[in-house]
Amino acid sequence: GNMVEWCLPQDIDLEGVEFKSMASGSHKIQSDFIYFRKGLCFGLACFANMPVESELERGARMKSVGILSPSYTLLYRYMHFLENQVRHQLEMPGHYSHLEAFYDDKKGVLPDSRGTPTSQQPVHWLPSIHRYMYPEMKITHPAGCMSQFIKFFGEQILVLWKFALLRKRILIFSPPPVGVVCYRVYCCCCLANVSLPGLGGTVPESKPFFYVNVADIEMLETEVSYVACTTEKIFEEKRDLYDVYVDNQNVKTHHEHLQPLLKINNADKEKYRRLNDQRQMLMYSQEVGEDCSSCEEDLFILFFMEQNNRIFQTLMEVSASQDKTLTADHARGMGLDPQGDRSFLMDLLEVYGIDVMLVIDNPCCT
């Protein structure tokens, strides 16, 4: 099995990290990177696999080099360093001086399991431990991370958007490499950004867990909302652990009341068309020389944040009105399909505890 070969600080609890930092099935690939969660911290590890003429190592040497931080927002900065170090560890095992120097330069106070600092050193580089809460979400964006996500899922991103907004437990399966799938976890979380003041207190927290494996089952059993990815097919059978299972481009749910959300309706198609139109305009403006170097990610996040804000703004206004009645016109004003999004709206009101009466006739029930 996997083992932790070296770490700093030496007294840190790293139980299970040897399986989080090296995805199941990685022996079939040459290199990968992986985001994961360990307690209150997030990790980034780079993996590499090198053939060796050694019977003891069964012809292959595999290692991961990773770091832990209370936030994943800064981890991407060290990707290149970790890639170099894992190659260095494969070629010169046991030489840790570069890693020691890196740790001495970057170390800060890590919270222990009770949330109190484990050392009295000043915090000089670690952001707030709650930085992973919305709407402050940043991770590394390889060029085209968001556009790959849109191309990969197509109109299905509107299905994922609804499940993310409803704070469902979303599990994405893919064989290795898992790095690009960790980005899909991040993109999924971006679909649910809401920036309205006053809504925060009622929103259930949605957590990006990134890579999970069978060692995480006990922890996942206690979670009411998360987005995660795995390379282990066994998870598909463990239906009590997730609400939504994504295999390649196939989005499915075993909950009967969520089945209607899998259907793409006309309002979804219109949203997808608008998103693509905005992206085309952005690409055109880049071609004619306007400065839009990192716009696509911002466009993607803002598109869904504005959509979400419009929905919640309307719902809060209706709940504050005298008759609290939500009509088909309200639904259309929110960019939703009065019939096709009826069950989505009902779930939304329940999840966010919004006191509104829905009076949209359902034609199948008349």
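The structure presented is a predicted model; accordingly, all values stated were derived computationally and were not measured. (Residues numbered from 1 in each chain as written. Predicted model: local features only at pLDDT ≥ 70, side-chain atom pairs only at ≥ 80, totals over all residues. Heavy atoms only, no water.)

**Student:** In this structure, what is going on with unusual backbone geometry? I would like to understand it.
**Tutor:** Residues apart from glycine generally show negative phi values, whereas peptide bonds are mostly found in trans. A cis amide bond links Leu-8 to the next residue, Pro-9, at an omega of -10 degrees. Looking at the secondary structure, you find Pro-9 in the segment before helix H1 (17-20). For the peptide bond that leads from Pro-176 to Pro-177, omega is 5 degrees, which places it in the cis range. Among the secondary structure elements, Pro-177 is positioned in the loop between strand S4 (169-173) and helix H6 (179-190). One non-glycine residue, Phe-210, lies in positive phi territory at about 55 degrees. Position of Phe-210 among the secondary structure elements: in strand S5 (residues 207-211). (Helix = DSSP H or I, 4+ residues; strand = E, 2+ residues; numbered from the N terminus.)

**Student:** How should the packing of aromatic side chains be read in this particular structure?
**Tutor:** For any pair of aromatic rings, the description consists of the separation of the ring centres together with the inter-plane angle of the planes. Taken as a whole and judged by the stated rule, the model has 20 aromatic pairs. Each ring, one from Phe-33 and one from Tyr-183, has its centre 5.3 Å from the other, and the planes form 50 degrees; the classification is tilted. One end of the pair, Phe-33, is in strand S1 (residues 31-38); the other, Tyr-183, is in helix H6, and 150 residues separate them in sequence. When sorted by exposure, Phe-33 lands in the same class as Tyr-183, which is buried. Each residue in the set Phe-149, Phe-152, Phe-153, Trp-161, Phe-300, Phe-303, Phe-304 and Phe-344 is aromatic and connected to the rest through ring pairs, giving one cluster. Here the guanidinium or amino end of Lys-162 rests over the ring plane of Phe-344, the centre of that ring lying 5.8 Å away. (Phe/Tyr/Trp six-rings, centres within 6.5 Å; stacked < 30°, edge-to-face > 60°. Buried < 20%, exposed > 50% of the residue type's maximum accessible area, 1.4 Å probe, protein only. Lys NZ or Arg CZ within 6 Å of the ring centre and 35° of its normal.)

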